[in-house]
Amino acid sequence: MKERYEFQAIEEKWQRYWTERQLHRTDTDSSRKKFYCLEMFPYPSGKIHMGHVRNYAIGDVIARYKKMQGFSVLHPMGWDAFGLPAENAAIKNNVHPAQWTYENVEFMKKQLNRMGLSYDWTREVTTCSPEYYRWNQWIFLKLLERGLAYKKASFVNWCPDCATVLANEQVVDGGCWRCDTEVIRKELDQWFFRITDYAEELLMGCDELNGWPERVVAMQKNWIGRSEGLEVDFAIEGSSQKLRIFTTRPDTLYGVTFMCIAPTHPLAELLTDDKTGLAAIKAKYGKEEEKEGFNTGRFAVNPFSGDRIPIFIANFVLMEYGTGAIMSVPAHDQRDFEFAQKYGLPVKVVIEPEQGEAASPPDAAFEGDGILTASAQFSGLKSEDARRKIIDYAEAQKFGTGRVHYKLRDWGISRQRYWGTPIPVIYCDSCGMVPVPEDHLPVILPEDARLTGAGASPLAESPSFLNVRCPKCGAPARRETDTMDTFVDSSWYFIRYCSKREEEPFARDNSDYWMPVDQYIGGIEHAVLHLLYSRFFTRALRDIGIVGMGEPFKNLLTQGMVCKETWKCAEHGWLFPEEVERGACSRCGKPVARGRVEKMSKSKKNVIDPDALIQRFGADTMRLFSLFAAPPERDLEWSDKGVEGASRFLHKLWAAVFRNIEAVRSARTCTVDPAALQNTSAAALLRKTHQTIRKVTDDIEKDYHFNTAIAALMELVNEITGFSPQHAADRAVLNCAIRNALLMISPFAPHVAEELWAEIGEQGSVFEHPWPAWNPALARDEEIELVVQVNGRLRAKILVPAGLSDAAATERALADAKVGEHTAGKQIVKIVVIQGRLVNIVVK
RNA sequence: GCCGGUGUGGUGGAACUGGCAGACGCGCCGGACUCAAAAUCCGGUAUCCGCAAGGAUGUGCGAGUUCGAUUCUCGCCACCGGCACCA
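Just so we're clear, the structure is a prediction, and the values are computed from it rather than from any experiment. (Residues numbered from 1 in each chain as written. Chains lettered and ligands numbered in written order. Predicted model: local features only at pLDDT ≥ 70, side-chain atom pairs only at ≥ 80, totals over all residues. Heavy atoms only, no water.)

## Notes on the overall build of chain A
For clarity, the threshold we go by: Only DSSP runs of H or I reaching four residues or more are called helices, and only runs of E reaching two or more are called strands; each is numbered from the N terminus. The buried label goes to any residue with under 20% of its type's maximum accessible area, the exposed label to any with over 50%, and the partly exposed label to all in between, with areas taken from a 1.4 Å probe on protein chains only. We call two residues in contact whenever any of their non-hydrogen atoms come within 4.5 Å of each other. Residue exposure ignores everything except the shown protein chains as possible cover, and the areas themselves are Shrake-Rupley values with a 1.4 Å probe.
Looking only at helices and strands, chain A has 27 helices and 35 strands in total. Overall size of chain A, expressed as C-alpha extent along the three principal axes, is 105 × 85 × 65 Å. Scored against the burial criterion, the 844 residues of chain A give a buried share of 52%. Relative to all contacts within chain A whose residues are 6 or more apart in sequence, the contacts with residues 24 or more apart total 71%. Total accessible area on chain A is roughly 38200 Å²; 49% of this is exposed by carbon and sulfur atoms.

Here it is in structure tokens:
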């Protein structure tokens, strides 16, 4: 055995061993209990960053731990490989997106393997490969069949200069990210998935997400945005048309003093002749600075009160929500109040607060619930009762219906770009829109597309792709040139993993066995979109009949960001850590300012390259630090000193084994008779070993608190370091302590654990051994420190045998000299005893 | 504005179900080894008063419940995140 811990050779050796032995391969084995451990797959941007390291280290510990617990573990990895950066790289460097992507994949895969991650690569998916995206197309066709995919005109972000559609994130301060031209809203035909059909189910499902962080569930609910209310038709004077509004406050219906409709409302054109005024409001549509509107001069009639009320067109009313028209109750809605003030409209109070008088004249809307007033037969009712009764009344009178609206909109999946899944639809002049027949899939991206970044979708300019025969009538036809949003790819990849690559993805045996994902791990940035889309997709696939359940992710862990302090030089701006030398800029020598601790990002240059770190300290150290510095869900502050600490621990572990190697090898046994040890340091070490097994197991099981688990392992190694074996029994205890320490350290630092496991004379991989169990009898302390308080203040600590009776504990506490000082001359009122912990004597 | 989170030593962070506040790591101080330094090892390290024994204070702030509160309740403050003219 080498005296020093040399990670380079060790890490390479064991990575090769795992690959050769195919140790991470998983098969569907229905006789065993399964555990599906999944980390969000990365976009192959070029190389991995610290966020990936943290994400994948967490997942790897869980996967390895569960394997040792006897589960059949599925732990796959793949690539979210479609997307814009590849296209941009293609434009910039004149490489094909596929080449750029696959080169990145290859490089990043090597990086992941250097981290010692236990992936079953036989299940790897790459979403840009035809064998993957053909199933996107297949699912699309199924959704189309069921009416869950449809096409409609909708507004997109359009850059007039580049003549292209931009994604929301490509619009920076209202301008194009590439040329700064002001982005306009342009109406185009777009494909949508009808996620709103599942709004209610997705919302109800939120209550079953017990294994998710509360805030993520809250964000999902918020996003779906259910609101219950009433739709009412208001007659329009001098027109047969009705104006339908939606309100969540039917109890304020008698307080309506005007109506507002969106500038894009279908009736807007009809209700006014002032086209320039309308255009002016349209231009300010959705702008938040100020509420603006204009009076159409037309009137509506409140079906409840018969009141004649003016109709306005207002920029703050959104066509996309509700009916695009609202009833305005300035007395009880702040926005309406402001609008009424501006245009001198009346304010009619119909709700009185239950306590206290309403301010009069009011200087703000009273938005709370209260008692109805001036509301005909509903006056005197409480808001809540009134809402129900008014809805009933409206339904009985047939001028309204109780309704539920959602903020959630249908999911627009059309992208006018190249590097995505072609939408499998063909347009024929005589047959119209024709789905590509299933046996013609996949519709493959053409190689000859020109990527320039300008003009329409590259697919529209590729004749070899565009021109096709109609599958129905055989006449010349055109392909759809939109590609799918890349969120489609990631909405079902976790189901793809359940089957091997050579198998079709929807073999029910496989998905029934593996799904749902038992533990999903990833960043909080996907709290809404990716997770919501995946929940929708899984339900849609369930209804199509190809998976058995609807909720894909049983437990979700959202890991915190990796942060680091920033450095700034007055002359050179943000600096990389290696550009700072003793508080000065390495380029100009000027002093640098230490900025805030922020998420690692290229723009702030506060980044650490994982490769450099592996080179210097090894993968085990890097993993250990990122798991030790903070609990997984919290942000982690990077610390070079902390990394050294992690490295020191592994050296210490190595040294402890090295120093005792002969003793441990010769012991060959882990069985010890505790009675023979008496009250020696060996007994203490044995106890510590069992206590550590208990603590580490509990910490992992309870919320994956690896930081405290590692702290406990450090304590155990410290105790091993301070122990020198004298007799055979001592050696057996030491063997037991080291064996168990290695087993427990193995998920965190797998390479060094394997190496030391071999050194102490064990056969095979440490991961083929079960996770250790603790013996409660051995973990129990013989003596405990009993805290004695007087009036809640700590006055003494006394050593007593464990399991001492309350009466005996009280007796010992009172006998203590220190305690005597504080109780002398006072009357004992009460004595509180907590078994094994403390005695509190209350005196007067 | 609404929803959620966080607040503990010089520092990252611990603390079961209301029971010793500060585990473990980092830093710092002292010591050993060394010609010396680094590395390593050993010891100390919340604050204040005190030579010490000891005492007092202390988990963002203010109340409350309790024998006892970092933990529970109420009211504030600060910071972070999400959503937001959603009718």
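## Description of empty space enclosed by the protein
Empty space among the atoms becomes apparent when a probe as large as a water molecule is rolled across them. The following threshold applies: Note on definitions: the grid is 1 Å and covers protein atoms alone; a cavity is a set of points where a 1.4 Å probe fits but cannot get out; a pocket is an open set with protein on both sides within 12 Å along at least five of seven lines; lining residues have an atom within 4 Å of a point. Grid points are joined across faces, edges and corners, and a volume is the space filled by probe spheres set on the points. Basically, the charged four are Asp, Glu, Lys and Arg, the nonpolar ten are Ala, Val, Leu, Ile, Met, Phe, Trp, Tyr, Cys and Pro, and anything else, Gly included, counts as polar.
Applying the stated criterion to the full structure yields 3 cavities of 30 Å³ or more. A volume near 60 Å³ is recorded for the second largest cavity. What lines the second largest cavity is Ile 784, Leu 786, Val 800, Pro 801, Gly 803, Leu 804, Ser 805, Asp 806, Ala 809, Val 833, Gln 835 and Gly 836. Listed by contribution, the elements that provide at least two residues to the lining of the second largest cavity are strand S32 (783-790), strand S33 (793-801) and helix H26 (806-815). Considering only residue class, the lining of the second largest cavity consists of 7 nonpolar, 4 polar and 1 charged.

## Some details on the domain arrangement of chain A
A common measure of how large an interface is: the accessible area buried when the components associate. Short version of the rule: Note: domain ranges come from an automatic or database domain assignment.
Domain parsing of chain A yields domain 1 (32-127 + 487-559), domain 2 (140-194 + 411-484), domain 3 (226-406), domain 4 (638-779) and domain 5 (783-843). Computed from C-alpha atoms alone, the centre-to-centre distance between domain 3 and domain 4 is 71 Å.

## What to know about the sheet that holds strand S2 (residues 72-74)
Strands in a sheet are paired, the pairing made by backbone hydrogen bonds, and the direction either parallel or antiparallel. As a reminder of what qualifies: Pairing between two strands requires that DSSP report at least two bridges joining them. Structural elements are reduced to axes, namely lines fitted to C-alpha atoms, with helices fitted over the stretch in contact, and the angle between N-to-C directions of any two is expressed from 0 to 180 degrees.
The 4 strands lie next to each other as S2-S1-S24-S25, forming an open sheet whose pairing is parallel. The open sheet terminates on both sides in strands that have one partner only, identified here as S2 and strand S25 (556-559). Between one strand axis and the next, the sheet turns through 20 degrees on average, direction left out of account. Two strands pair when backbone bridges link them, and strand S24 (residues 519-523) and S25 are joined in this way by 4 bridges, in the parallel orientation. Bridge pairing links Gly 523 to Gln 559 in S25. In the packing of helix H2 (residues 50-68) onto the sheet, the strands contacted are strand S1 (34-39), S2, S24 and S25, and the crossing angle to S1 comes to about 175 degrees.

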